[in-house]
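As a plain string of letters, each chain reads:
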Amino acid sequence: MSNLKGVFWVPGLPHVLHASERNAKYGELKRAMQKISEEITAINPKKIIFHSTQWLSVLATSVQTRKHLKGVHVDENWYELGDLPYAFTIDQKFAQDLTKNITEAGLPAQAIDYNGFPVDTGTIVAQTLLNPRNIPCTMVSSHVYLDHDKMLSLGQTVRKSIEASGESTVVIVVSGLSGHYFTQTIDLREDRIREPADDERNHKMLGYLVEGNYAKVRAHMGDYARDARADMGFKAMSWADGVINTNHPAEVRAYGPIYGTGNAVLRLF
Amino acid sequence: MPQNKHTEPGRILAGFLAPHPPHLVYGENPPQNEPRSRGGWEGLRWAYDACREKIRALKPDCILVHSPHWQTVVGHHALCVPELAGLSVDPIFPHLFRYQFKMKVDCDLASSIVDEANALGLVAKKMTNPNFRVDYGTIVSLHMLNPDWDIPVVGLSANNCPYFYDDKIGQDEMTKLGKATQKAIAKLGRRVVLAASNTLSHLHFPAEPNPALPEDMTREHVWSQAQYEWDVRVINLMREGRTKELMAILPQFMAESFAEVKAGSLTWMLSAMDFTNIPAKLHGYGTVIGTGNAVMEWDLTKGGAHV
């Protein structure tokens, strides 16, 4: 039996946390994430792995290995929505093993263990809503120079590490879908997917995922990423594809806009 | 209502191209930075000595910096908290830069820039959250220009429009922001220096050449001959005061060398200085993990015509 007990895809913008009462769709996204928190409680995994498109790395895939992280983060864009306090306990052994495994798989990797290292907004939003019990976790960065093939390979390495750990694990991918933001100030009550064509594109891609047809996901990923200006080129989905490593049908729990971008709460596995 | 500090209209005394690789702070070993080094990148670091001397002589009321590492999606933002302090850890080079910063912000000037920018049709906002962590680009440029931190500052974000839209739209926004900055300075009667926190060519090594010794200068060199020649061409245009030609070739420079000027800091600064044709002084050029960096100065106290 696999140690991988769930793979979830959630948005990482702070509106779902701090502004959910201001827009009905934000509320839906938030409630869907809170439901996942209940599922995680029921699964009771030994650890959680976060992969957020907002933790960018340049020199290598970074893996958080510091035992305890605690502080208050202020988003550089959305500071008006409020502060983001956080506390994480890191599964150091797994994080260190994962770093080693990624290197042995031929991909650059580095362990991160510094006081005051910034934790990104997306990971904090996901932790707050999905892991309020602070189940030990680690975080894996979004290496900007890895292409889709390498992200797939990285995801597969993460999966192998999960299985080798012998411990039940939940994976949380923090990413948006289409990325055309409103660049002017908007009334959050009137938020919508900025480009109508993005709404179609998002639903088409979600359709492939619901079918569990990862061949179609891969085949259309490049066009989707370009045309919808998908969050980080939709590379987080290649990473998730590698972790899941099978054609598993997804469940769409919620879908909606955040400041023009498209977002979904999914159970991928 | 912001108060004029002087009875005369404010003015820009000087502009600096002030690149921000954290390696420069790391190499200097200041007390604020936790990691210790054996030095490194002396050519670039010592280039800043001339800037420091000039700033001490000018005694400006404020140093304004526009940084690519405070990226904003909705509009242009200005730091607007009287004092900001904290620990800034560079997420890309945390082993080089963990800096305890403390800065006083000229909130009146920041507010005025935001007001003028909004009046010109830009979206602009004041960042008033006291827990905000200032980005390392702002901190490195300001430290290298004034390590005593005894002059108030204003930090401006780099709106994402050059990467979201085409280059022309992006640089047009930065031009307007420069005009807004100029107006705010004049209205408030401030004497200021500007800092464009930009590297030039920005293709770089995919990994540190010697992780055991980041300051191993035997491994530091230009990324490519083509990138080097681009940097030299652009620097020469600035040295000769050929600002109009510089602006004309910037799009090609950005496309072919991934130049960080795309983020808009240089355009903002030159616009605030009315695209002056005063020749800029080159204090030093050097590479950092292959990227091209020039420390340059436009001394506007020496007069000069506009483009």
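How each quantity is defined
Throughout this document, residue positions are counted from 1 along each chain, in the order its sequence is written. Both sets of labels track the order of writing: A upward for chains, 1 upward for ligands. In view of the model being predicted, local features appear only for residues whose pLDDT reaches at least 70, and side-chain atom pairs are presented and counted only at 80 or more, with totals across whole chains, interfaces and linings using the full set of residues. Hydrogen atoms and water are omitted, and side-chain values are computed over all heavy atoms in the structure. Secondary structure follows DSSP: runs of H or I at least 4 residues long count as helices, runs of E at least 2 residues long count as strands, and numbering of each begins at the N terminus. Radius of gyration: C-alpha atoms only; globule rule: 2.2 Å multiplied by the number of residues to the exponent 0.38. Here the term buried applies to any residue with accessible area under 20% of the maximum for its type, exposed to any over 50%, and partly exposed to those in between, with areas from a 1.4 Å probe on protein chains only. By definition, residues are in contact when any of their heavy atoms lie within 4.5 Å. Accessibility throughout is a Shrake-Rupley quantity obtained with a 1.4 Å probe, and a residue counts as covered only by protein chains that appear here. In this tally, Asp and Glu contribute negative charge and Lys and Arg positive charge; neither His nor the terminal groups of the chain are included. Every charge is mapped to an atom, namely NZ of Lys, CZ of Arg, CG of Asp or CD of Glu. Under the pairing criterion, centres of Phe, Tyr and Trp rings, with the six-membered ring standing for Trp, must be within 6.5 Å; the plane angle then separates stacked pairs below 30 degrees from edge-to-face pairs above 60, leaving the rest tilted. In our convention, an over-ring charge means Lys NZ or Arg CZ found within 6 Å of a ring centre and within 35 degrees of that ring's normal. Should a side-chain nitrogen of Lys or Arg be within 4 Å of a carboxyl oxygen of Asp or Glu, the pair is scored as a salt bridge. Axis definition: a line fitted to C-alpha atoms, over the contacting stretch in the case of helices. Angles run 0 to 180 degrees between N-to-C directions. Any angle that falls under 35 degrees is termed roughly parallel, while one over 145 is termed roughly antiparallel, one within 65 to 115 roughly perpendicular, and all others oblique. A clockwise turn of the near helix away from the far one marks a right-handed crossing, whereas an anticlockwise turn of less than a right angle marks a left-handed crossing. Three residue categories are used. Nonpolar comprises Ala, Val, Leu, Ile, Met, Phe, Trp, Tyr, Cys and Pro, charged comprises Asp, Glu, Lys and Arg, and polar comprises the others, including Gly. Take the accessible area each of two parts loses on contact, using a 1.4 Å probe, and add the two losses: that sum is the buried area. Any helix carries an expected span of 1.5 Å times its number of residues minus one. For the purposes of these results, a polar contact is taken to be a pair of N or O atoms within 3.5 Å, where, inside protein, one atom must be able to donate a hydrogen and its partner to accept one; residues adjacent in sequence count only when each atom of the pair is a side-chain atom. The patches reported here contain residues having more than 30% relative accessible area and no salt bridge. Joining distances are 9 Å for like charges and 5 Å for nonpolar side chains (Val, Leu, Ile, Met, Phe, Trp, Tyr).

Chemist: Now, about the overall build of chain B: what can you tell me, with residues and values included?
Modeler: A tally of helices and strands in chain B yields nine helices and ten strands. Relative to a compact globule of 307 residues, whose C-alpha radius of gyration would be 19 Å, chain B shows 18 Å and is just as compact. Burial status across chain B gives 63% buried among its 307 residues. Taking contacts inside chain B between residues at least 6 apart in sequence as the whole, the part at least 24 apart equals 81%. Counting every atom, chain B has about 11500 Å² of accessible surface; 53% of that belongs to carbon and sulfur. Between the averaged position of the 30 positive side-chain charges in chain B and that of its 33 negative side-chain charges there is a distance of 4 Å.

Chemist: Tell me about the environment of A78(B), and please be specific about residues and values.
Modeler: Residues and elements named next belong to chain B. Along the chain, the position of A78 falls in strand β3 (residues 76–79). Classification of A78 as buried rests on a relative accessible area of 0%. Between the C-alpha atoms of A78 and K183, which are 105 residues apart in sequence, the distance is 15 Å. The residues touching A78, leaving out its near neighbours within four places in the chain, are W70, A110, V114, K125, K126, M127, G155 and L156.

Chemist: Talk me through the packing of aromatic side chains; I want residue IDs and the actual numbers.
Modeler: Within a pair of aromatic rings, the relevant descriptors are the distance that separates the centres and the angle that separates the planes. All names here are of chain A. This structure, assessed with the given rule, holds 15 aromatic pairs over all chains. Centre to centre, the rings of Y224 and F234 are 4.8 Å apart; their planes meet at 70 degrees, and the pair counts as edge-to-face. Of the two residues, Y224 sits in helix α7 (residues 214–227) while F234 sits in the loop between α7 and α8 (235–244), which places them ten residues apart along the sequence. Residue classification places Y224 among the buried positions, given a relative accessible area of 5%. Ring pairing ties together the aromatic residues W78, Y181, F182 and Y259, which thus form one cluster. We note K47 situated over the ring of F94; from NZ or CZ to the ring centre the distance is 4.5 Å. The cationic tip of R159 hangs over the ring face of F269; the distance from NZ or CZ to the ring centre is 5.7 Å.

Chemist: Describe the pattern of salt bridges, naming the residues involved and giving the relevant values.
Modeler: Enumeration over the complete set of coordinates arrives at 33 salt bridges over all chains. Between K35(A) and E39(A) there is a salt bridge whose closest N-O contact spans 3.6 Å. Remark: E39(A) and K35(A) occur in helix α2 (residues 24–43); sequence separation between them is four residues, near one turn of the helix. A salt bridge links D172(B) to K168(B), with the nearest nitrogen and oxygen atoms 2.8 Å apart. Note that D172(B) and K168(B) are positioned in helix α6 (residues 167–188) at a spacing of four residues, about one turn of the helix. Taking relative accessible area as the criterion, D172(B) reaches 37% and is therefore assigned partly exposed. Accessibility expressed as a relative area gives 56% for K168(B), which makes it exposed. Via salt bridges that share partners, K35(A), E39(A), E251(A), R253(A) and R267(A) belong to a single interconnected network.

Chemist: Just give me the short version of the side chain of Q171(B), but keep the residues and values in it.
Modeler: Structurally, the position occupied by Q171(B) is in helix α6. In this view, Q171(B) contacts P162(B), M254(B), V261(B), K262(B), G264(B) and T267(B); residues no more than four positions away in its chain are not counted.

Chemist: Could you give me a rundown of the packing of helix α3 (residues 92–104) of chain A against helix α5 (residues 148–165) of chain A, with the residues and numbers involved?
Modeler: The axes of two packed helices give the description: the angle between them and the distance between them. All names here are of chain A. Where α3 contacts α5, the axes come no closer than 10 Å and their chain directions differ by 135 degrees. Here α3 is positioned oblique relative to α5, judged by the angle of their axes. Here α3 and α5 pass one another in a crossing that is right-handed. From α3, F94, L98, N101 and I102 reach across to α5, where they touch L154, T157, V158, S161, I162 and S165. Looking at side-chain class alone, the contact of α3 with α5 contains six nonpolar, four polar and no charged residues.

Chemist: Any details on the interface of chain A and chain B? Residues and values, ideally.
Modeler: Across the boundary between the two partners, chain A contributes 30 residues, which contact 33 residues of chain B. Surface buried jointly by chain A and chain B totals about 2700 Å² across both partners, of which 56% is contributed by carbon and sulfur atoms. In terms of surface lost to chain B, no three residues of chain A exceed L59(A), E76(A) and Y79(A), which account for 25% of the buried area on that side. Taken together, the connections running from chain A to chain B amount to one salt bridge. Of the charged contacts in the structure, one is a salt bridge between K125(B) and E80(A), with a shortest N-O distance of 3.3 Å. Residue composition of the side of chain A that touches chain B, by class: 15 nonpolar, nine polar and six charged.

Chemist: Before we move on, could you go through α2(A) and cite the residues and values that matter?
Modeler: Since the α-helix turns once every 3.6 residues, residues separated by three or four places project in the same direction. Residue and element names in this part refer to chain A. With 20 residues, α2 extends 29 Å between its outermost C-alpha atoms, agreeing within 8% with the 28 Å of an ideal straight helix rising 1.5 Å per residue. All of the buried residues along α2 are Y26, G27, L29, K30, A32, M33, I36, S37, E39 and I40. Where α2 starts, the residue carrying a side-chain oxygen 2.8 Å from the main-chain nitrogen of K25 turns out to be N23. With its phi angle positive at about 55 degrees, N44 sits one or two positions after the end of α2.

Chemist: Now, about the packing of helix α2 (residues 42–58) of chain B against helix α4 (residues 136–145) of chain B: what can you tell me, with residues and values included?
Modeler: Residue and element names in this part refer to chain B. Closest axis-to-axis distance for the α2/α4 pair is 7 Å, and the angle between their directions is 70 degrees. Classified by the interaxial angle, the pair formed by α2 and α4 is roughly perpendicular. Across the interface between the two elements, R45, Y48, C51, R52 and I55 of α2 pack against H143, M144 and L145 of α4. Of the residues assigned to the contact of α2 with α4, the class counts are five nonpolar, one polar and two charged.

Chemist: Go over a nonpolar patch on the surface, please, and point to the residues and values.
Modeler: A cluster of nonpolar side chains, Y145(A), L203(B), W223(B) and F258(B), forms an exposed patch at the surface whose accessible area comes to about 410 Å². Looking at the secondary structure, you find L203(B) in the loop between β8 (191–196) and α7 (225–239). Given the relative accessible area of 31%, L203(B) is considered partly exposed.

Chemist: If you had to explain the environment of H180(A) to someone new, which residues and values would you point to?
Modeler: Assignment of secondary structure puts H180(A) in the loop between β8 (169–174) and α6 (196–211). The exposure class assigned to H180(A) is buried, which follows from its relative accessible area of 14%. Once the C-alpha coordinates of H180(A) and G260(A) are considered, the two residues, 80 residues apart in sequence, prove to be 6.0 Å apart. When sequence neighbours within four positions are dropped, the list of residues in contact with H180(A) reads R194(A), E195(A), D198(A), D227(A), A228(A), R229(A), Y259(A), G260(A), T261(A) and F164(B). A distance of 2.7 Å separates polar atoms of two side chains, one belonging to H180(A) and the other to D198(A).

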